[in-house]
Structure formats: structure tokens, C-alpha cells
Amino acid sequence: MNYDETLHWMFGRLPMFQRQGAAAYKNNLDNILLLSEHLGNPHKHFKSIHIAGTNGKGSTSHMIASVLQEEGYSTGLYTSPHLKDFRERIRVNGVMAEELFVIQFIKKHKQFLEDNELSFFELTVGMAFQYFADKQVDIAVIEVGLGGRLDATNIITPILSVITNIGLDHTVFLGTTISQIAGEKAGIIKNRIPVVIGERQEETTTVFKSVALQNDAPIYFTDESDYPELASELKGNYQQRNKQTVQKAIEVLNNTTGFEISQRALEAGVKCVVTNTGFLGRWQVLQEVGPKIICDTGHNAEGLTYVTTQLKKEKFNQLHIVLGVVSDKELSTVLPLFPKNAHYYFSKPEGPRGLDESILKEKAAHFGLLGKKYENISEAFTAAKQTSKPDDLIFIGGSTFVVAEVI
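Thresholds applied
- Residues numbered from 1 in each chain as written.
- Predicted model: local features only at pLDDT ≥ 70, side-chain atom pairs only at ≥ 80, totals over all residues.
- Heavy atoms only, no water.
- Salt bridge = Lys/Arg side-chain N within 4 Å of Asp/Glu carboxyl O.
- Helix = DSSP H or I, 4+ residues; strand = E, 2+ residues; numbered from the N terminus.
- Buried < 20%, exposed > 50% of the residue type's maximum accessible area, 1.4 Å probe, protein only.
- Pairing = 2+ DSSP bridges.
- Axes fitted to C-alpha atoms, helices over the stretch in contact; angles between N-to-C directions.
- Contact = heavy atoms within 4.5 Å.
- Core = buried A, V, L, I, M, F, W, Y, C linked by side-chain atoms within 4.5 Å.

**Overview of the pattern of salt bridges**
Between side chains of opposite charge, a pair can form as their charged atoms come close.
Then, number 1: Inspection of every chain in the model, using the stated rule, returns twelve salt bridges.
Then, number 2: The closest approach of N and O atoms between E199 and R241, which form a salt bridge, is 3.2 Å. Here E199 is found in the loop between β7 (195–197) and α9 (202–214), whereas its partner R241 is found in helix α10 (residues 239–256), with 42 residues between them in sequence.
Then, number 3: Since its relative accessible area comes to 16%, E199 is described here as buried.
Then, number 4: Of the charged contacts in the structure, one is a salt bridge between E224 and K248, with a shortest N-O distance of 4.0 Å.

**What to know about the pairing of strand β11 (residues 319–323)**
Then, number 1: Counting buried positions along β11 gives five out of five residues, so the element sits mostly inside the fold.
Then, number 2: By the alternation rule, side chains of β11 split into L319, I321 and L323 and H320 and V322, which are all buried.
Then, number 3: In this structure, β11 lies alongside strand β12 (residues 343–347), joined through four bridges in parallel fashion. Bridging across to β12, L323 finds its partner in F346.

**Quick look at the sheet that holds strand β9 (residues 284–287)**
Then, number 1: Strand order in the open sheet formed by six strands is β9-β10-β14-β11-β12-β13, and the pairing between neighbours is mixed. At either end of the open sheet lies a strand with only one pairing partner, and these are β9 and β13 (371–374). Recorded for the sheet is a direction-independent mean angle of 20° between the axes of neighbouring strands.
Then, number 2: Strand contacts of helix α16 (residues 377–387): β10 (292–295), β11, β12, β13 and β14 (393–397), with the helix running at about 160° to β12, the strand carrying the most contacts.

**Observations regarding the environment of L355**
Then, number 1: By secondary structure assignment, the location of L355 is in the loop between β12 and α15 (357–365).
Then, number 2: Spatially, the C-alpha atom of L355 lies 27 Å from that of Q180, the residues being 175 residues apart in sequence.

**Focus on the nonpolar core**
Then, number 1: Core analysis: the largest hydrophobic core is formed by 38 residues, its most contacted members being M10, M127 and F132.
Then, number 2: Put simply, the parts of the chain that give this core at least two residues each are α1 (3–13), α3 (30–39), β3 (90–92), α5 (99–115), α6 (120–135) and β5 (139–143).
Then, number 3: Looking at this core, the element that brings in the most residues is α6, giving ten residues.
Then, number 4: With residues near it in sequence (within four places) discarded, M10 still touches F86, V102, I106, F120, L123 and M127.

Here is the structure:
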């Protein structure tokens, strides 16, 4: 198989949460442990930093990786989901894994993957760990996919764990309360491994302290220290909290792990995170003027609260919002966050999980969000551009899938 045929097999043959939702979710680590043993346990051949959280874990992962790169460390970065190219998930020093590696990995292990019915995510975790071991990275930054305790990435024993924040998302898997979800995220806290908590929340602090105590793990809260504002290619005021978490994580790395990261590397890494790691989709300005166009992958209540707050700080004559969501999204928690004075262009993102645009338009109307429906995101985006004036603002979001179709 060539690269495209390999991807077609991966996306078509293996259960994929991005496309299928709950049907692809695994509630144990049996398969990833089986795959890891089959591969020779590659995760034991590199040091790692493990990052979980409802929001901010992607931005935090990319910034920490960028800082490590600036210090000269060979740095692996595993994140999910991807927006345009599958290989976005697996990078070393910001460079995506080679197509040939993906082809050869699948060719070599295809029968094993089929025989043991591994999920798409389990496969990609094993592939990433193999790649990082092959490249002999100094360290790899590993972003949790969903939750923590039962996530396929949770077979690693990192030198540092980071939990950015906790919100109500994926409640069907992780629990219906903040404290229950915190308990799942806290599953990445390991014996005697320091953990940084990015956001102190009343419902989660006791949970994190309890699990850290059980594991004799030193626990650090970002708000214990005051950190300066750092310039960054990642725009959006909501990134301030993530940048503070990064500064605390680097401080703990310096003090507890033997890694030495300078202030210069910290500042340069945060500033040049997009350049260094290829990070896309977070308050990304696609066009500065005529009209200004911004997209963001925020898709749960907490993430969209940050996004809509940021929108209020923008200057424009009329706001146009291209909106699409997945069908398992709890609309009653996210639609009230959007402004009623915008023109809406409702559409369905690609893939079987996309919510039909007619249903979205109907539900949105209940919250005073009015507009027209379109069969696909491209058509909706085109309509927004044709309708808008030079001093207007177009925002595209609601789902990672929506952003993936416009960048």
C-alpha cells in the first residue's frame, strides 16, 4: 500500500473515536499493553512528560515541546486529533513523521492490528512511541487523548505530569461531575512523579491532593507563583493561563528532573510555538482585514467560554459565525454561550458524527441564534465571505472538524 492507501485502511478498518464516538472508546488498557509488548515496549526507551486536561492540554503540550526544542533537546510530540494530515499527531522537533514510516509500520504490524482489533487511537499511540524510540529523542511530550486513567497513553511513567484544568466534557465516559472527571484525569499521577495542576478549582483540588498523597507524588499548583506575561504566536487572552502552567512546568522540570532549561529558551519557546511545532487552529487568524477571519477549535462549554469572551474583545461592525458541531455534543451547555447579535451560517462538519445542519439551526433558534443552513462547511464559509463587509468579522468554530475544513 502507498501512503493514501495506508491511511484509507487505518481510517476505514479501525474503530476511530473522531468518527464513531462511543463505539470506538476502550475502557481498559489491555490492547495498548498488548501492542506495546508486541513492539518491544518502546515507551520505556525515552523520557516523557504527560499532559491531561479538559481544555488547554494541546496548547500546553505544544508550548512545552517548543521550549524543550529551543533548549536543544531532541523532542517528540504526540497530540490528537489531527486537522489536515494524520502525521500532525507524531512529530520530532516540530517535523512530522515520514510517510514511509507510517507505511512501513502498518505493513509490518497490519496482521497483529487486525487480529487484536486495536482502535485507531491505540494504533497511533503505539506508532508514536515506536517512532520516538527509533529517533532516540531526549524527551517526548505526550498529550492524553481522553480522560487519563484509561487513556492509551497512560502506560508511560513520565518524569512530570501536568493537568491543565477540568470541565464537563465526555461525561458519558468520564463522569457527570467535575470531581468524577478530576478523578479520571488524576489517573496520570504516578508514584513519586511530580505533578503540576494548571488551574485550582474548588471541586478538584481535594481530588488531586488525595491522589498525589496516595502516590507520594509532589504536587504543584500554578497559582502558587506569579509569572510574567510572555509573548506568543498563540493569540487569545485565554492562552495566559496555559502560559503560566508552562512556566510552572518548566520550573518544576528544572528543580526536580535534571533537565536544564534557560529563561531564554522558555521565552523563545512560548513565543515561537507555532513556528517550532506547526500548531494550528487555536485562535488562528486566517485573514487580517476585509473582513477579518478567525477560527478556533474550542468545542466544549469551558473552551467556548474562553472563545466567546475573546470575541467580545474584537472590534467589528457585524459578526458572522460559521458554526458546526458533532452529534454527541450537549447543545444546551454550549449554544447559550454564543452571541445573539451575530449572523449564523449553520452547517454539518464532515464525518458520521457531524450534526445535521437542520437540527443545529432548529436547536440554535431556541437560544436566539438565527441564520441560514448550508449543506457543508465550505458552502457556509463562502456564504459568510460573500455576505460580510470589509469591517466585519467572520468566526469559524464549534468543532475541530469545522476548523479542519477551512485552514
